[in-house]
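Examination of the molecular architecture
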Amino acid sequence: MAVNFGSAWHLFFFVWVVAMSWKVRSEPVQDKEALLAFISKTPHANRLQWNDSDSACNWVGVECDANRDFVYTLRLPGVGLIGEIPPNTLGRLTGLRVLSLRSNRLSGKIPSDFSNLTVLRSLYLQDNEFSGEFPASLTQLTRLTRLDLSSNNFTGPIPFSVNNLTHLTGLFLENNGFSGTLPSISAGLVDFNVSNNNLNGSIPDTLSKFPASSFSGNLDLCGGPLPPCNPFFPSPAPSPSENPPAPPVHKKSKKLSTAAIVAIAVGCAVGALLLLLLLILCLRKRQRRQPSKQQKPVVPTRAVPMEAGTSSSKDDITGGSTEAERNKLVFFEGGIYSFDLEDLLRASAEVLGKGSVGTSYKAVLEEGTTVVVKRLKDVAVTKKEFETQMEILGKIKQENVVPLRAFYYSKDEKLLVYDFMPAGSLSALLHGSRGSGRTPLDWENRMRIALSAARGLAHLHVSGKVVHGNIKSSNILLRPDHDACVSDFGLNPLFGTTTPPNRVAGYRAPELVETRKVTFKSDVYSFGVLLLELLTGKAPNQASLGEEGIDLPRWVQSVVREEWTAEVFDVELMRYHNIEEEMVQLLQIAMACVSTVPDQRPAMPEVVRMIEEMNRAETDDGLRQSSDDPSKGSEGQTPPAESGVRLTP
């Protein structure tokens, strides 16, 4: 019996030892230490409650492998991480497969020890403030399949060493400051985007399979899906007075033959006789006339004055022809310009941007006039339909709408002429380099832009009966006093019933995926995203990345739902005092505009009224309106937030 009891005790002890040893091995000790070092050295919002007495595998955002031997996935999107990534922290997670730090406020350079993450498959660092050149450490991660560095402040060239990433299927570098030429990337890319950088030169053949939207916003890129690498404005045809170039002469011998000399002499003699005969006939005919009175000289062709609404080329002014009719540049009534197509073709042109409907150029004419010329692409309507839509757009005149001054239509070219706005676009002002020396866009000017843009859009809807169809920050142009003007409006009908041009995902209303038809309500949704962009300082994502893809309205709603509303607002606004209530009120208006149900969105005149009434800093009794109770103030016009918006720390 004693023997049996001893055997049982030994068996129990053995099992206990094995269980304890398994428990020790189930905790990834080294990875836990690395994570604790990272979070202790990185300022962050108080929403990561990592308890060092608990297993790291149970922490928020952390996933371990099946045996709990190492950290497999680390996802910390939008958790308020601030500053640089400390070295010798995340680089120690050598078993990591997925790392997501998107939508934080991380800055500085990527640590060089990221090269230790040799089995990393997916890296998401978008929507931060990282800077410096393309991280050399990342080009050593040969197993990467997805790399997203978009919406940061990276500069310098895109290195050819990207080709080291032979398994890469998705590369997203848009909304940075990368410069130089594009390398020829031979990896099997399925998704690729380098839009809104400073790249130049021709697009390599290996990348030409991607759409033009993948390269838009680079002023000097050409070829591939973009226009060929030659100047936009073709050289004007030589005028009749200019001598055409002589055909090349093939030298056969240095001396003329005798036969040639004789032929030339005979030809000259015959020509002289014919000329003399013609002169004699003309004199006789003149002598037969009876000059009863002295005749005045006849004007060969009476000059035709330019009609209202048109500008004529040289051929137009001298009588017109089919060629002249084809080359007519049509101006609208009340215009301030007086130039013709030939003047425009001679102008020096500078690319301002390449968008979804065409390319915009800054054209400086010889007399010094500066205009913007938009060269449309993929126009699908007839000339008559095109001209009808231009007549509608040309009649729209309002101080917050960029006027359409002229248009040109031919089989190969469709051009629109607008006023040049030297202050640039809201996109450039809001998302320009955020490094030292930047002048932040203050709250007062953001409110001014929001209100004036709303007025311009409301005018299009009510007075012009026109759907804008492409509202985004690059189409909101600014006057020097920061009054906004909407541009590129009403162009969707020119593309027929085809799929609407691809625009930034966050600006497109959800229903357009199915209906493919822009409406007044879809404009309101896009304007709501624009308000969120003003409030957050973030640009809506330009690519849907599956589980990592989220547009701006969804991100704001998720943050507000967790009662972290203060994290929504642009950090540049935090320096201003006593604006919290106004920010929350504008956030409420924006969230009403981005309702997923079109009928629940307010009309644009109502949006204008809500913003105007929100700007009343005090009520009649001298007390500031409360933003916590949407039913009070603004006569009930400020809508309640869908998920209880309120400013929380």
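As shown above, the structure is provided for reference.
Reference entry: report on the structure contained in this document.

1. Section: the overall build of the chain
- In terms of helices and strands, the chain carries 14 helices and 23 strands.
- Taking contacts inside the chain between residues at least 6 apart in sequence as the whole, the part at least 24 apart equals 57%.
- When the accessible area of the chain is evaluated, it comes to approximately 33800 Å², of which 54% is carbon and sulfur surface.

2. Quick notes on the pairing of strand S7 (residues 129-132)
- Where burial is concerned, the two faces of S7 differ: the one with Phe130 and Gly132 is buried and the one with Glu129 and Ser131 is not.
- Alignment of S7 against strand S9 (residues 153-156), held across two bridges, turns out to be parallel. What sits directly across from serine 131, in S9, is asparagine 153.

3. A look at helix H7 (residues 383-394)
- When the terminal C-alpha atoms of H7 are compared, their 16 Å separation across twelve residues agrees well with the 16 Å that a helix rising 1.5 Å per residue should span.
- Of all the residues in H7, the buried ones are Phe386, Gln389, Met390, Leu393 and Gly394. When H7 is viewed along its axis, its buried side chains cluster within an angular range of 135° and face the same direction.
- Each element contacted by the buried residues of H7 is listed here: strand S19 (370-376), strand S20 (404-409) and strand S21 (414-419).

4. What about the sheet that holds strand S2 (residues 71-75)?
- Across the sheet, which stays open at both edges, the seven strands sit in the order S1-S2-S4-S6-S8-S10-S12 with mixed pairing between neighbours. In this open sheet, the two strands that pair with only one neighbour each are strand S1 (62-64) and strand S12 (191-193). Neighbouring strand axes in the sheet, compared pairwise and without regard to direction, differ in orientation by 10° on average.
- Judged from the three bridges that link them, strand S10 (residues 170-172) and S12 form a sheet pairing that is parallel. The partner of glycine 170 across the bridge, within S12, is aspartate 191.

5. What to know about the sheet that holds strand S11 (residues 177-181)
- Pairing is parallel across the open sheet formed by seven strands, whose spatial order is S3-S5-S7-S9-S11-S13-S14. At either margin of the open sheet sits one strand with a lone partner, and together these are strand S3 (82-83) and strand S14 (220-222).
- Sheet analysis places S3 next to strand S5 (residues 105-108), joined by two bridges and oriented parallel. Among the inter-strand pairings, isoleucine 82 is bridged to a residue of S5, identified as arginine 105.

6. Observations concerning a nonpolar patch on the surface
- On the surface, a cluster of nonpolar side chains totalling about 360 Å² of accessible area is made up of Leu276, Leu279, Ile280 and Leu283.
- You can see leucine 279 is positioned in helix H3 (residues 258-288).

7. A word on the nonpolar core
- Core analysis: the largest hydrophobic core is formed by 81 residues, its most contacted members being Phe386 and Phe527.
- When residues no more than four places from it in sequence are discounted, the contact partners of phenylalanine 527 are Ala450, Ala453, Ala454, Leu457, Ile471, Met604, Val607 and Ile611.
- Listed in part, the 58 residues of the second largest apolar core include Trp59, Val71, Leu199 and Leu221.

8. Looking at the pattern of salt bridges
- Taken as a whole and judged by the stated rule, the model has twelve salt bridges.
- In this structure, arginine 346 and glutamate 342 form a salt bridge, with 2.9 Å as the shortest nitrogen-oxygen distance. One end of the pair, arginine 346, and the other, glutamate 342, are both in helix H6 (residues 341-346), four residues apart, so they sit about a helical turn from each other.
- Between glutamate 413 and arginine 375 there is a salt bridge, with its nearest N and O atoms 2.7 Å apart. Separated by 38 residues along the polypeptide, glutamate 413 in the loop between S20 and S21 and arginine 375 in strand S19 bring together distant segments of the chain.
- Note on glutamate 413: relative accessible area 19%, which makes it buried.
- Salt bridges sharing partners connect three or more residues here, namely Glu342, Asp343 and Arg346.

9. Notes on the environment of leucine 586
- Counting through the fold element by element, leucine 586 comes out in helix H13 (residues 580-593).
- Among the residues examined, leucine 586 registers a relative accessible area of 1% and is labelled buried.
- A C-alpha to C-alpha distance of 9.8 Å links leucine 586 and glycine 528, two positions 58 residues apart in sequence.
- Ignoring sequence-local partners within four residues, the contact set of leucine 586 consists of Trp443, Met447, Leu531, Leu535, Ile611 and Met614.

10. Considering the packing of helix H11 (residues 520-536) against helix H12 (residues 552-561)
- One way to put it is that H11 packs onto H12 with a least axis distance of 10 Å and a crossing angle of 60°. Relative to H12, H11 is oriented oblique. Where H11 crosses over H12, the two elements pack in a sense that is left-handed. The segment H11 lies against H12, with Tyr525, Val529, Leu532, Glu533 and Thr536 engaging Leu552, Pro553, Trp555 and Val556.

11. Re unusual backbone geometry
- You will see that lysine 465, though not glycine, has its phi angle at about 55°, which is positive.
- Looking at the element boundaries, lysine 465 is found in the loop between helix H9 (443-462) and strand S22 (476-478).
- Accessibility expressed as a relative area gives 63% for lysine 465, which makes it exposed.
- You will see that asparagine 578, though not glycine, has its phi angle at about 60°, which is positive.
- Its location among the elements puts asparagine 578 in the loop between H12 and H13.

12. Remarks on the packing of aromatic side chains
- Summed over all chains, the structure comprises ten aromatic pairs.
- Measuring from centroid to centroid gives 6.0 Å for phenylalanine 192 and phenylalanine 215, while their planes differ by 50°, and the two rings are tilted. Within this pair, whereas phenylalanine 192 is found in strand S12, its partner phenylalanine 215 is found in the loop between strand S13 (198-202) and S14, the two being separated by 23 residues in sequence.
- Accessibility expressed as a relative area gives 4% for phenylalanine 192, which makes it buried.
- According to the relative accessible area criterion, phenylalanine 215 is buried, its value standing at 0%.
- Cation over ring: lysine 414 sits above tyrosine 409, and NZ or CZ is 5.1 Å from the ring centre.
- Looking at lysine 538, its charged tip hangs above the ring of tryptophan 555, at a distance of 5.2 Å from the centre.

Criteria and thresholds
- Residues numbered from 1 in each chain as written.
- Predicted model: local features only at pLDDT ≥ 70, side-chain atom pairs only at ≥ 80, totals over all residues.
- Heavy atoms only, no water.
- Helix = DSSP H or I, 4+ residues; strand = E, 2+ residues; numbered from the N terminus.
- Contact = heavy atoms within 4.5 Å.
- Areas by Shrake-Rupley, 256 points an atom, 1.4 Å probe, with all protein chains shown as cover.
- Buried < 20%, exposed > 50% of the residue type's maximum accessible area, 1.4 Å probe, protein only.
- Pairing = 2+ DSSP bridges.
- Expected span 1.5 Å × (residues − 1).
- Arc of directions from axis to C-beta.
- Axes fitted to C-alpha atoms, helices over the stretch in contact; angles between N-to-C directions.
- Patch = residues over 30% accessible without salt bridge, like charges linked within 9 Å, V, L, I, M, F, W, Y side chains within 5 Å.
- Salt bridge = Lys/Arg side-chain N within 4 Å of Asp/Glu carboxyl O.
- Core = buried A, V, L, I, M, F, W, Y, C linked by side-chain atoms within 4.5 Å.
- Parallel < 35°, antiparallel > 145°, perpendicular 65-115°, else oblique.
- Left-handed = near helix turned anticlockwise from the far one by under 90°.
- Phe/Tyr/Trp six-rings, centres within 6.5 Å; stacked < 30°, edge-to-face > 60°.
- Lys NZ or Arg CZ within 6 Å of the ring centre and 35° of its normal.

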